[in-house]
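Descriptive structure summary
Each chain, written out:
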Amino acid sequence: GAGVSQSPSNKVTEKGKDVELRCDPISGHTALYWYRQSLGQGLEFLIYFQGNSAPDKSGLPSDRFSAERTGGSVSTLTIQRTQQEDSAVYLCASSLGLAGGHITYEQYFGPGTRLTVT
Amino acid sequence: EDKVVQSPLSLVVHEGDTVTLNCSYEVTNFRSLLWYKQEKKAPTFLFMLTSSGIEKKSGRLSSILDKKELSSILNITATQTGDSAIYLCAVPNTGNQFYFGTGTSLTVIP
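1. Examining the sheet that holds strand 1 (residues 5-7) of chain A
All names here are of chain A.
- The four strands lie next to each other as 1-3-7-6, forming an open sheet whose pairing is antiparallel. At either end of the open sheet lies a strand with only one pairing partner, and these are strand 1 and strand 6 (65-69). For this sheet, the mean inter-axis angle between neighbouring strands, taken without regard to orientation, is 15°.

2. Observations regarding the pattern of salt bridges
- The tally for this structure, following the rule as stated, stands at five salt bridges over all chains.
- Between Glu44 of chain A and Arg36 of chain A there is a salt bridge; the shortest N-O distance is 3.0 Å.
- When its relative accessible area of 31% is taken as the criterion, Glu44 of chain A is described as partly exposed.
- We classify Arg36 of chain A as buried; its relative accessible area is 10%.
- Between Lys37 of chain B and Glu39 of chain B there is a salt bridge, with its nearest N and O atoms 3.9 Å apart.
- Since its relative accessible area comes to 13%, Lys37 of chain B is described here as buried.

3. A closer look at the side chain of Ser62 of chain B
Residues and elements named next belong to chain B.
- Looking at the element boundaries, Ser62 is found in strand 7 (residues 61-66).
- For Ser62, a relative accessible area of 7% gives the class buried.
- Looking at Ser62, its side chain comes within polar contact range of the side chain of Glu55, at 3.4 Å.
- Non-local contacts of Ser62, meaning those with residues more than four positions away in its chain, are made with Phe47, Glu55, Lys56, Lys57, Ile73, Leu74 and Asn75.

4. Some remarks on the interface of chain A and chain B
- On the chain B side, the residues contacting the 21 residues of chain A number 19 residues.
- At the boundary of chain A with chain B, total buried surface from both sides reaches about 1,700 Å², with 57% on carbon and sulfur atoms.
- Looking at the side of chain A facing chain B, the largest losses of area belong to Leu43, Tyr105 and Phe109 of chain A, adding up to 34% of the total buried there.
- Our enumeration of links across chain A and chain B arrives at zero salt bridges.
- For the side of chain A that touches chain B, the secondary structure elements donating two or more residues are strand 4 (31-37) and strand 5 (44-50) of chain A.
- Ranked by residue count, the leading element in the side of chain A that touches chain B is strand 4 of chain A, at three residues.
- Residues that form the side of chain A that touches chain B fall into these classes: ten nonpolar, eight polar and three charged.

5. Concerning the packing of aromatic side chains
- Inspection of every chain in the model, using the stated rule, returns twelve aromatic pairs over all chains.
- Considering the side-chain rings of Phe109 of chain A and Tyr36 of chain B, the 5.5 Å spacing of their centres and the 85° angle between planes classify their relative orientation as edge-to-face. Placement of Phe109 of chain A in strand 11 (residues 108-109) and of Tyr36 of chain B in strand 4 (residues 33-38) is noted, with the two residues assigned to different chains. No difference in accessibility class separates Phe109 of chain A from Tyr36 of chain B, as the two residues are buried.
- The rings of Tyr33, Tyr35, Phe45, Tyr48 and Phe109 of chain A together with Tyr36, Phe45, Phe98 and Phe100 of chain B are connected pair by pair, giving a single aromatic cluster.

6. Some points on the layout of surface pockets
- Counted as a void, the largest pocket has a volume near 400 Å³.
- Every residue lining the largest pocket is counted, 21 residues in all, and those nearest its centre are Gln37, Ser38, Leu39, Gly40 and Gln41 of chain A.
- Counting only elements with at least two residues in the lining of the largest pocket, the list comes to strand 8 (88-95) and strand 12 (113-117) of chain A together with strand 11 (104-109) of chain B.
- Partitioned by chemical class, the residues of the lining of the largest pocket number six nonpolar, eleven polar and four charged.

Conventions and cut-offs
Residues numbered from 1 in each chain as written. Chains lettered and ligands numbered in written order. Predicted model: local features only at pLDDT ≥ 70, side-chain atom pairs only at ≥ 80, totals over all residues. Heavy atoms only, no water. Pairing = 2+ DSSP bridges. Helix = DSSP H or I, 4+ residues; strand = E, 2+ residues; numbered from the N terminus. Axes fitted to C-alpha atoms, helices over the stretch in contact; angles between N-to-C directions. Salt bridge = Lys/Arg side-chain N within 4 Å of Asp/Glu carboxyl O. Buried < 20%, exposed > 50% of the residue type's maximum accessible area, 1.4 Å probe, protein only. Polar contact = N/O pair within 3.5 Å; in protein donor to acceptor, adjacent residues only side chain to side chain. Contact = heavy atoms within 4.5 Å. Buried area = accessible area lost by both parts, 1.4 Å probe. Nonpolar A, V, L, I, M, F, W, Y, C, P; charged D, E, K, R; others polar. Phe/Tyr/Trp six-rings, centres within 6.5 Å; stacked < 30°, edge-to-face > 60°. 1 Å grid on protein atoms, 1.4 Å probe; cavity = no way out; pocket = protein on both sides within 12 Å on 5 of 7 lines; lining within 4 Å. Points joined across faces, edges and corners; volume = space filled by probe spheres on them.

Structure, rendered in C-alpha coordinates:
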(Lines give C-alpha, C1' and ligand atoms only; values in the text may rest on other atoms or scores of the structure.)
Protein backbone atom coordinates (compact mmCIF):
# COMPACT_ATOMS: atom_id res chain seq x y z
CA GLY A 1 0.00 0.00 0.00
CA ALA A 2 1.00 3.64 -0.26
CA GLY A 3 3.38 4.88 2.38
CA VAL A 4 3.90 8.38 3.69
CA SER A 5 4.70 10.82 0.92
CA GLN A 6 6.28 14.24 1.15
CA SER A 7 6.76 17.03 -1.32
CA PRO A 8 8.86 18.56 -2.58
CA SER A 9 11.78 16.18 -2.12
CA ASN A 10 14.20 19.08 -2.38
CA LYS A 11 13.67 22.80 -1.93
CA VAL A 12 16.20 25.56 -2.35
CA THR A 13 15.05 28.97 -1.25
CA GLU A 14 16.51 32.36 -0.58
CA LYS A 15 16.83 33.67 2.94
CA GLY A 16 13.71 35.58 3.92
CA LYS A 17 11.30 33.69 1.67
CA ASP A 18 8.44 31.54 2.96
CA VAL A 19 8.27 27.82 2.22
CA GLU A 20 5.56 25.18 2.49
CA LEU A 21 6.33 21.51 2.94
CA ARG A 22 3.64 18.92 2.44
CA CYS A 23 3.04 15.54 4.04
CA ASP A 24 0.52 12.95 2.96
CA PRO A 25 0.22 10.32 5.71
CA ILE A 26 -0.87 6.71 5.39
CA SER A 27 -4.62 6.49 5.05
CA GLY A 28 -6.27 5.76 8.39
CA HIS A 29 -3.35 6.94 10.48
CA THR A 30 -4.62 9.38 13.06
CA ALA A 31 -1.26 10.56 14.35
CA LEU A 32 1.12 12.71 12.33
CA TYR A 33 4.54 14.02 13.37
CA TRP A 34 6.96 16.53 11.90
CA TYR A 35 10.69 16.29 12.66
CA ARG A 36 13.75 18.18 11.59
CA GLN A 37 17.12 16.54 11.07
CA SER A 38 20.17 18.72 10.64
CA LEU A 39 23.40 17.30 9.25
CA GLY A 40 24.87 14.76 11.64
CA GLN A 41 22.12 15.29 14.19
CA GLY A 42 19.28 13.17 15.48
CA LEU A 43 15.64 13.87 14.80
CA GLU A 44 14.28 16.97 16.47
CA PHE A 45 10.57 16.84 17.26
CA LEU A 46 8.62 19.79 15.87
CA ILE A 47 4.88 19.13 16.11
CA TYR A 48 2.41 16.28 16.68
CA PHE A 49 -1.19 15.94 15.52
CA GLN A 50 -3.54 13.33 16.98
CA GLY A 51 -6.91 13.08 15.32
CA ASN A 52 -8.94 16.24 15.77
CA SER A 53 -7.23 17.25 19.01
CA ALA A 54 -5.25 20.45 19.30
CA PRO A 55 -1.73 19.78 18.06
CA ASP A 56 1.29 19.60 20.35
CA LYS A 57 3.38 22.49 19.05
CA SER A 58 5.92 22.43 21.84
CA GLY A 59 8.80 21.50 19.54
CA LEU A 60 8.42 24.35 17.06
CA PRO A 61 11.67 26.36 17.33
CA SER A 62 10.18 29.78 16.68
CA ASP A 63 6.97 31.55 15.70
CA ARG A 64 8.18 31.47 12.08
CA PHE A 65 7.20 27.80 12.06
CA SER A 66 3.58 26.67 11.83
CA ALA A 67 1.74 23.56 10.71
CA GLU A 68 -1.77 22.60 9.78
CA ARG A 69 -3.50 19.33 9.22
CA THR A 70 -6.62 19.58 7.13
CA GLY A 71 -9.40 17.04 7.47
CA GLY A 72 -7.24 14.84 9.65
CA SER A 73 -5.12 13.88 6.67
CA VAL A 74 -2.66 16.01 4.70
CA SER A 75 -0.38 18.29 6.69
CA THR A 76 1.54 21.39 5.67
CA LEU A 77 4.54 22.75 7.54
CA THR A 78 5.15 26.42 6.80
CA ILE A 79 8.34 28.27 7.54
CA GLN A 80 8.13 32.02 7.19
CA ARG A 81 11.08 34.33 6.56
CA THR A 82 13.47 31.39 6.24
CA GLN A 83 16.91 31.61 7.78
CA GLN A 84 20.06 29.68 6.91
CA GLU A 85 19.80 27.73 10.15
CA ASP A 86 16.49 26.33 8.89
CA SER A 87 18.42 24.25 6.34
CA ALA A 88 17.78 20.62 7.21
CA VAL A 89 15.83 17.55 6.18
CA TYR A 90 12.23 17.79 7.31
CA LEU A 91 10.69 14.40 7.98
CA CYS A 92 7.06 13.56 8.43
CA ALA A 93 5.80 10.37 10.06
CA SER A 94 2.40 8.90 10.70
CA SER A 95 1.11 6.17 12.97
CA LEU A 96 -2.18 4.60 13.90
CA GLY A 97 -1.96 6.74 17.01
CA LEU A 98 -4.72 6.60 19.57
CA ALA A 99 -7.34 4.08 18.54
CA GLY A 100 -9.71 2.14 20.75
CA GLY A 101 -8.05 3.55 23.86
CA HIS A 102 -4.70 2.11 22.88
CA ILE A 103 -1.75 4.09 21.54
CA THR A 104 0.31 2.65 18.70
CA TYR A 105 3.76 4.18 18.64
CA GLU A 106 5.21 2.59 15.52
CA GLN A 107 5.80 5.43 13.11
CA TYR A 108 6.14 5.25 9.36
CA PHE A 109 8.36 7.91 7.90
CA GLY A 110 8.17 9.71 4.60
CA PRO A 111 11.27 10.26 2.46
CA GLY A 112 11.71 13.79 3.74
CA THR A 113 12.16 17.22 2.20
CA ARG A 114 15.68 18.57 2.04
CA LEU A 115 15.47 22.32 2.57
CA THR A 116 18.41 24.52 1.67
CA VAL A 117 18.27 28.20 2.51
CA THR A 118 20.84 30.26 0.60
CA GLU B 1 14.72 17.42 30.98
CA ASP B 2 13.76 14.36 28.95
CA LYS B 3 16.56 13.02 26.79
CA VAL B 4 17.85 9.99 24.91
CA VAL B 5 21.57 9.30 24.54
CA GLN B 6 23.12 6.77 22.20
CA SER B 7 26.58 5.32 22.11
CA PRO B 8 28.89 4.94 20.40
CA LEU B 9 28.38 7.81 17.97
CA SER B 10 29.98 5.80 15.23
CA LEU B 11 31.34 2.36 14.68
CA VAL B 12 33.34 0.72 11.91
CA VAL B 13 33.45 -3.06 11.78
CA HIS B 14 34.26 -5.83 9.32
CA GLU B 15 31.69 -8.11 7.80
CA GLY B 16 30.90 -10.97 10.12
CA ASP B 17 31.56 -9.03 13.30
CA THR B 18 28.94 -8.67 16.04
CA VAL B 19 28.05 -5.19 17.26
CA THR B 20 26.19 -3.83 20.25
CA LEU B 21 24.61 -0.41 20.16
CA ASN B 22 23.50 1.34 23.32
CA CYS B 23 20.64 3.65 24.15
CA SER B 24 19.98 5.26 27.53
CA TYR B 25 17.03 7.44 28.36
CA GLU B 26 15.60 9.83 30.90
CA VAL B 27 11.96 10.27 30.03
CA THR B 28 9.05 10.99 32.33
CA ASN B 29 6.53 8.16 32.62
CA PHE B 30 8.37 5.78 30.34
CA ARG B 31 6.14 3.49 28.30
CA SER B 32 8.17 2.24 25.35
CA LEU B 33 11.44 2.50 23.47
CA LEU B 34 11.76 2.16 19.72
CA TRP B 35 14.68 1.38 17.44
CA TYR B 36 14.89 2.60 13.85
CA LYS B 37 17.34 2.09 10.98
CA GLN B 38 18.06 5.10 8.78
CA GLU B 39 19.87 4.40 5.52
CA LYS B 40 19.12 7.36 3.30
CA LYS B 41 16.41 9.66 4.50
CA ALA B 42 13.45 7.81 5.98
CA PRO B 43 14.01 5.83 9.19
CA THR B 44 12.46 2.38 9.12
CA PHE B 45 11.04 0.73 12.20
CA LEU B 46 12.95 -2.15 13.78
CA PHE B 47 11.65 -2.87 17.28
CA MET B 48 9.42 -1.54 19.99
CA LEU B 49 10.22 -2.56 23.56
CA THR B 50 7.93 -2.09 26.50
CA SER B 51 8.86 -4.83 28.95
CA SER B 52 12.17 -5.22 30.68
CA GLY B 53 14.23 -8.33 29.99
CA ILE B 54 12.21 -9.62 27.05
CA GLU B 55 14.32 -9.91 23.92
CA LYS B 56 12.86 -8.97 20.58
CA LYS B 57 14.49 -10.66 17.63
CA SER B 58 14.37 -10.28 13.87
CA GLY B 59 16.89 -12.30 11.93
CA ARG B 60 20.37 -11.19 12.93
CA LEU B 61 19.05 -8.24 14.92
CA SER B 62 17.89 -8.40 18.51
CA SER B 63 17.12 -5.89 21.20
CA ILE B 64 16.41 -5.87 24.89
CA LEU B 65 15.25 -3.30 27.40
CA ASP B 66 16.51 -2.81 30.96
CA LYS B 67 14.13 -0.50 32.80
CA LYS B 68 16.22 -0.63 35.94
CA GLU B 69 19.22 0.76 34.08
CA LEU B 70 17.03 2.97 31.86
CA SER B 71 18.68 1.56 28.80
CA SER B 72 18.40 -0.71 25.81
CA ILE B 73 20.85 -2.47 23.54
CA LEU B 74 20.58 -3.41 19.90
CA ASN B 75 22.69 -6.36 18.80
CA ILE B 76 23.57 -7.22 15.24
CA THR B 77 25.33 -10.53 14.67
CA ALA B 78 27.25 -11.60 11.55
CA THR B 79 27.13 -8.05 10.20
CA GLN B 80 26.78 -7.45 6.46
CA THR B 81 27.51 -4.37 4.37
CA GLY B 82 23.76 -3.85 4.09
CA ASP B 83 23.66 -3.21 7.82
CA SER B 84 25.57 0.03 7.28
CA ALA B 85 23.22 2.76 8.43
CA ILE B 86 22.43 5.10 11.27
CA TYR B 87 20.57 3.36 14.08
CA LEU B 88 18.22 5.59 16.02
CA CYS B 89 16.63 5.08 19.38
CA ALA B 90 13.44 6.92 20.34
CA VAL B 91 11.31 7.21 23.45
CA PRO B 92 7.88 8.89 23.63
CA ASN B 93 7.01 11.00 26.63
CA THR B 94 3.64 11.41 28.31
CA GLY B 95 2.45 13.74 25.60
CA ASN B 96 3.53 11.39 22.81
CA GLN B 97 6.44 13.62 21.82
CA PHE B 98 9.20 11.39 20.61
CA TYR B 99 12.73 12.00 21.85
CA PHE B 100 15.32 10.65 19.45
CA GLY B 101 18.96 10.05 20.17
CA THR B 102 21.57 11.39 17.76
CA GLY B 103 22.04 7.86 16.50
CA THR B 104 24.93 5.46 16.02
CA SER B 105 26.47 5.45 12.58
CA LEU B 106 27.47 1.91 11.69
CA THR B 107 29.81 1.18 8.79
CA VAL B 108 30.41 -2.44 7.83
CA ILE B 109 33.51 -2.97 5.71
CA PRO B 110 33.59 -5.95 3.32
